[in-house]
Amino acid sequence: MLEKMFAYKFLNAKKRARSTPASKNEIFESAFTRPSASRDEELLGLLKGAILIIESALPRGSVGSSTNGSWNPQAAALWRNLVKDAQGPESLMRCILLLEDAISP
């Protein structure tokens, strides 16, 4: 399902805002759920993967990714960990709002 996202084809394209290319393992591991997971847990995993793909596909210049920018490599790495550790829709929504706030007008 994640492979069908429009952003997926830009995952490791040139001129992306992300300073280090995203590995597919990193994204799919965050979307993976245990075999006995509930439907809600499966959906949360898919949403985590989708959000990580979107962030990885952002074009250069869309966020302040310089060392002094709001989306510098350390801030972006911290944000990705927040996404991966999100326990429910509320914490995932906070991550989305943080990303949205970092996107340059």
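Details of the structure are given in the entry above.
Note that this is a predicted model, so its numbers are computed, not measured. (Residues numbered from 1 in each chain as written. Predicted model: local features only at pLDDT ≥ 70, side-chain atom pairs only at ≥ 80, totals over all residues. Heavy atoms only, no water.)

Visitor: Where do I start with the pattern of salt bridges in this structure?
Guide: In the structure shown here, the tally under the stated rule is 5 salt bridges. With a shortest N-O distance of 3.0 Å, Glu26 and Arg18 are connected by a salt bridge. Across this residue pair, the class does not change: Glu26 and Arg18 are buried. The residue Arg39 makes a salt bridge to Glu42 at a minimum N-O spacing of 3.3 Å. Taken together, the residues span about one helical turn, with Arg39 and Glu42 both in helix H2 (residues 39–57) at a distance of 3 residues. We classify Arg39 as exposed; its relative accessible area is 54%. Where salt bridges share partners, they join Arg18, Glu26 and Lys84 into one cluster. (Salt bridge = Lys/Arg side-chain N within 4 Å of Asp/Glu carboxyl O. Buried < 20%, exposed > 50% of the residue type's maximum accessible area, 1.4 Å probe, protein only. Helix = DSSP H or I, 4+ residues; strand = E, 2+ residues; numbered from the N terminus.)

Visitor: Got a minute to help me understand helix H1 (residues 24–31) in this structure?
Guide: Residue pairs three or four apart in sequence face the same way in an α-helix, which turns once every 3.6 residues. Taken together, the buried positions of H1 are Glu26, Ile27, Ser30 and Ala31. What you see down the axis of H1 is that its buried residues fit within an arc of 130°, all on one side. Of the residues in H1, the exposed ones pointing more than 90 degrees away from the buried face are Asn25 and Glu29. In this structure, the buried residues of H1 make contact with H2 and helix H3 (73–85). (Arc of directions from axis to C-beta. Contact = heavy atoms within 4.5 Å.)

Visitor: Looking at this structure, how should I read the packing of aromatic side chains?
Guide: How two aromatic rings sit relative to each other is given by the distance of their centres and the angle of their planes. Applying the stated criterion across every chain yields a total of 3 aromatic pairs. When the centroid spacing of 6.4 Å and the interplanar angle of 65° are considered together, the rings of Tyr8 and Phe28 count as edge-to-face. Within this pair, whereas Tyr8 is found in the segment before H1, its partner Phe28 is found in helix H1, the two being separated by 20 residues in sequence. Given a relative accessible area of 15%, Tyr8 falls into the buried group. Look at Phe28 and you get partly exposed, because its relative accessible area is 27%. (Phe/Tyr/Trp six-rings, centres within 6.5 Å; stacked < 30°, edge-to-face > 60°.)

Visitor: How should the packing of H1 against H2 be read in this particular structure?
Guide: Axes are the key here: two packed helices are described by the angle between their axes and the distance separating the axes. At a closest axis distance of 7 Å, the pairing of H1 and H2 adopts a crossing angle of 155°. With respect to H2, the axis of H1 lies roughly antiparallel. Between H1 and H2, the contacting residues are Ile27, Ser30 and Ala31 on the first element and Gly45, Leu46, Lys48, Gly49, Leu52, Ile53 and Ser56 on the second. Considered class by class, the residues forming the contact of H1 with H2 number 5 nonpolar, 4 polar and 1 charged. (Axes fitted to C-alpha atoms, helices over the stretch in contact; angles between N-to-C directions. Parallel < 35°, antiparallel > 145°, perpendicular 65-115°, else oblique. Nonpolar A, V, L, I, M, F, W, Y, C, P; charged D, E, K, R; others polar.)

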